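# Report on the structure
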Amino acid sequence: MDLLKLIKSFRYAFYGIFTALTEQNMKIHFVSAVVVIIAGFFTGLSISEWLVIILLIALVISTEMVNTAIETVVNLVSPEFHPLAKKAKDVAAGAVLVFAIASAIIGLLIFIPKWFEQ
């Protein structure tokens, strides 16, 4: 195993994360994640609930990063408008939206019963 190559690959991956954080939607997801984490601490989530929340946060952020990568590549290969390029970008964005909505619903199913416990 080439340690230098491994270190470089991690550096590229971290650069990708920081680059993604410059995107508007990623900032929204990141702020939402921070709010959910803070709410989780105040709510007193169980270990299994934390596992679900962490997994959802990671998957929403990862999905948004894949969407950003797809949009970037589409913009590179099709700088002018093309209906297929639009379709690819719209479908990728839709995938993020579906997962974000599902994650919000799951989050509410975890949090709401705890907030209204007697």
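Everything below is about the structure shown above.
Residues numbered from 1 in each chain as written. Predicted model: local features only at pLDDT ≥ 70, side-chain atom pairs only at ≥ 80, totals over all residues. Heavy atoms only, no water.

## Quick word on the overall build of the chain
Filter applied, for reference: Helical segments are the DSSP runs of H or I of at least four residues, strand segments are the runs of E of at least two, and each set is numbered from the N terminus. Categorising residues by exposure relies on relative accessible area from a 1.4 Å probe, with only protein chains included: less than 20% of the type maximum marks a residue as buried, more than 50% marks it as exposed, and the intermediate range marks it as partly exposed. Contact definition: two residues touch when any of their heavy atoms are within 4.5 Å. Where accessible areas are quoted, they stem from the Shrake-Rupley method and a 1.4 Å probe; at the residue level, only the protein chains shown are allowed to cover. All tallies of charge rest on Lys and Arg as positive and Asp and Glu as negative; His and the ends of each chain are not included. We put the charge of a Lys on NZ, of an Arg on CZ, of an Asp on CG and of a Glu on CD.
Scanning the chain for helices and strands turns up 4 helices and 0 strands. Taken from N to C terminus, the helices and strands of the chain fall in the order α-α-α-α. C-alpha extents for the chain along the principal axes are approximately 60 × 45 × 20 Å. Each of the 118 residues in the chain was classed as buried or not, and the buried ones make up 22%. Here the analysis covers contacts within the chain between residues at least 6 apart in sequence; of these, 69% occur between residues at least 24 apart. Per element, the accessible surface of the chain, about 8,700 Å² overall, is 75% carbon and sulfur. Both charge centroids of the chain, one from 8 positive and one from 8 negative side chains, sit 7 Å from each other.

## Some words on helix 4 (residues 83-115)
Test applied: Here a helix's expected span is defined as the number of its residues, less one, multiplied by 1.5 Å.
In this model, helix 4 (33 residues) spans 46 Å end to end at C-alpha, consistent with the 48 Å of a helix rising 1.5 Å per residue. The elements touched by buried residues of helix 4 are helix 2 (24-43) and helix 3 (47-77).

## A word on the pattern of salt bridges
Basically, it comes down to this: In the sections that follow, a salt bridge refers to a side-chain nitrogen of Lys or Arg positioned within 4 Å of a carboxyl oxygen of Asp or Glu.
Inspection of every chain in the model, using the stated rule, returns 2 salt bridges. With a shortest N-O distance of 3.4 Å, Lys114 and Glu49 are connected by a salt bridge. Taken together, the residues span a long stretch of sequence, with Lys114 in helix 4 and Glu49 in helix 3 at a distance of 65 residues. The partly exposed category is assigned to Lys114, whose relative accessible area is 23%.

## Let's talk about the packing of aromatic side chains
Heads up, the rule is: Classification of ring pairs uses Phe, Tyr and Trp, with its six-membered ring standing for Trp, and accepts pairs whose centres are within 6.5 Å; under 30 degrees between planes counts as stacked, over 60 as edge-to-face, and the remaining range as tilted.
In this structure the tally under the stated criterion is 2 aromatic pairs. Consider the rings of Phe41 and Trp50, whose centres lie 5.1 Å apart with planes at 50 degrees: the pair is tilted. Classification of Phe41 by relative accessible area gives exposed; the value is 63%. A centroid spacing of 5.3 Å and a plane angle of 35 degrees characterise the contact between Phe111 and Trp115, whose relative ring orientation is tilted.

## Examining the packing of helix 3 against helix 4
Here is the rule we go by: As a rule, the C-alpha atoms of each element are fitted with a line to give its axis, helices using only the stretch in contact, and angles between N-to-C directions run from 0 to 180 degrees. Convention used here: angles under 35 degrees read as roughly parallel, angles over 145 as roughly antiparallel, angles from 65 to 115 as roughly perpendicular, and any remaining angle as oblique. Put simply, a crossing is left-handed when the front helix is turned counterclockwise from the back one by less than a right angle, and right-handed when it is turned clockwise. Each residue is assigned to one class: nonpolar for Ala, Val, Leu, Ile, Met, Phe, Trp, Tyr, Cys and Pro, charged for Asp, Glu, Lys and Arg, and polar for all the others, Gly among them.
Where helix 3 meets helix 4, the closest approach of the two axes is 9 Å, and the angle between their N-to-C directions is 170 degrees. Comparing their axes, helix 4 and helix 3 come out roughly antiparallel. Between helix 3 and helix 4 the crossing geometry is left-handed. Residue classes in the contact of helix 3 with helix 4 are distributed as 18 nonpolar, 5 polar and 5 charged.

## Some words on the nonpolar core
Where we set the bar: Buried Ala, Val, Leu, Ile, Met, Phe, Trp, Tyr and Cys residues that are joined via side-chain atoms within 4.5 Å together make up what is termed a nonpolar core.
Ranked by size, the top nonpolar core spans 10 residues in total: Ala20, Met26, Ala33, Leu45, Trp50, Ile53, Ile57, Ile61, Ile110 and Phe111. Within the residue set of this core, elements represented by two or more residues are helix 2, helix 3 and helix 4. By residue number, the principal contributor to this core is helix 3, which donates 4 residues. Each residue touching Ile61, except ones within four places of it in the same chain, is listed here: Met26 and His29.

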